[in-house]
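Architecture at a glance
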Amino acid sequence: RVVFQRVFNTIKLYAKQRRLIRLVTNQIYEKEKNNRIMVAILSQIVEFRNGESGLHVSHINQLTNLLLERLVQKTKQYHFSRADRELIATASALHDIGKIGIPDRILNKPEKLTDEEYGIMKSHVTKGAEILKSFTIVDHVEEGALYHHERYDGKGYVHGLKGEEIPINARIIGIADTFDAMTANRVYRKQLDMAYVIQELKNGRGTQFDPGLVDVMLGLIDNGKIDICSLYKEHAHADHSREKEEE
């Protein structure tokens, strides 16, 4: 009987632990889901103001995930867990949130900006970091906003950081953002030819971009992981849907 009671108590304790684990897991899942919804809402607000379809955020998320996954496989320098990669990819959606503080006449101007206008446009990085500094949903989320326009050679803005002084998440967001800007239709110009884009990545290796990240991105393009036709087929669908709504 004593042995039976001990076995029964052990099973009962195990069952309680299992229920507790399920409860905590469900709570974490709900919190993460709510966090993703909040980030998605904020990022879509930025895209709407910026005259984009909203797919820029989706593309940056996909590109960031691909770069992080390959970076972990290729080098032992970075040890990002799956959860780390998801956090950085989520944070990438908010890198341009400071643009909500930029006047529409500058943000959506199709012509080249004047020096004064360009100075105002550049302030979106500090505005974004200020907005996100108390944003506790995603760790270090303000870094992507503040540093994604820094350059590897130190000639970027706003702090003139260079090399690995720039946080890796900001370096990844920076190259993903530039790639998507070149390969998508923007308010100020049409999509660029892929051969030109690849050459620009090569030209920016070690100057604008982290050379290791350029190699990773070129490898992903070469093996078809980054495929422009696949990446932007939803863009065409979104444009067609908007045209139907306007008719």
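As a starting point, this report considers the structure included with it. (Residues numbered from 1 in each chain as written. Predicted model: local features only at pLDDT ≥ 70, side-chain atom pairs only at ≥ 80, totals over all residues. Heavy atoms only, no water.)

1. A few points about the nonpolar core
Residues Leu-67, Leu-71, Ile-175, Phe-179, Leu-201 and Met-217 are the most contacted members of the largest nonpolar core, which totals 26 residues. Going through the elements one at a time, α2 (55-74), α8 (168-183), α9 (194-203) and α10 (211-222) are the ones with two or more residues in this core. No other element matches α10, which puts seven residues into this core. Grouped together as the second largest cluster of nonpolar side chains are seven residues, Ile-97, Leu-132, Phe-135 and Ala-145 included. (Core = buried A, V, L, I, M, F, W, Y, C linked by side-chain atoms within 4.5 Å. Buried < 20%, exposed > 50% of the residue type's maximum accessible area, 1.4 Å probe, protein only. Helix = DSSP H or I, 4+ residues; strand = E, 2+ residues; numbered from the N terminus.)

2. Some remarks on the side chain of Glu-117
The topology assignment puts Glu-117 in helix α5 (residues 115-122). When its relative accessible area of 13% is taken as the criterion, Glu-117 is described as buried. Among the polar contacts made by the side chain of Glu-117, one reaches the side chain of Lys-109 at a distance of 2.8 Å. With near-sequence residues (within four places) excluded, Glu-117 lies in contact with Arg-105, Ile-106, Lys-109 and Lys-112. (Polar contact = N/O pair within 3.5 Å; in protein donor to acceptor, adjacent residues only side chain to side chain. Contact = heavy atoms within 4.5 Å.)

3. So, the packing of aromatic side chains
In total, this model carries two aromatic pairs according to the counting rule given. Judged by centre distance (5.8 Å) and plane angle (5°), the ring pair of Tyr-78 and Phe-80 falls under stacked. With respect to burial, Tyr-78 and Phe-80 carry one shared label: buried. On the numbers, 6.4 Å between centres and 85° between planes, the contact of Tyr-118 with Tyr-157 is edge-to-face. Here Tyr-118, found in helix α5, pairs with Tyr-157, found in the loop between α7 (141-147) and α8; they are 39 residues apart in sequence, far enough to count as distant. Looking at Tyr-118, the relative accessible area reads 41%, which means it is partly exposed. Positioned above the aromatic ring of Tyr-157, the side-chain terminus of Lys-122 is 5.3 Å from the ring centre. (Phe/Tyr/Trp six-rings, centres within 6.5 Å; stacked < 30°, edge-to-face > 60°. Lys NZ or Arg CZ within 6 Å of the ring centre and 35° of its normal.)

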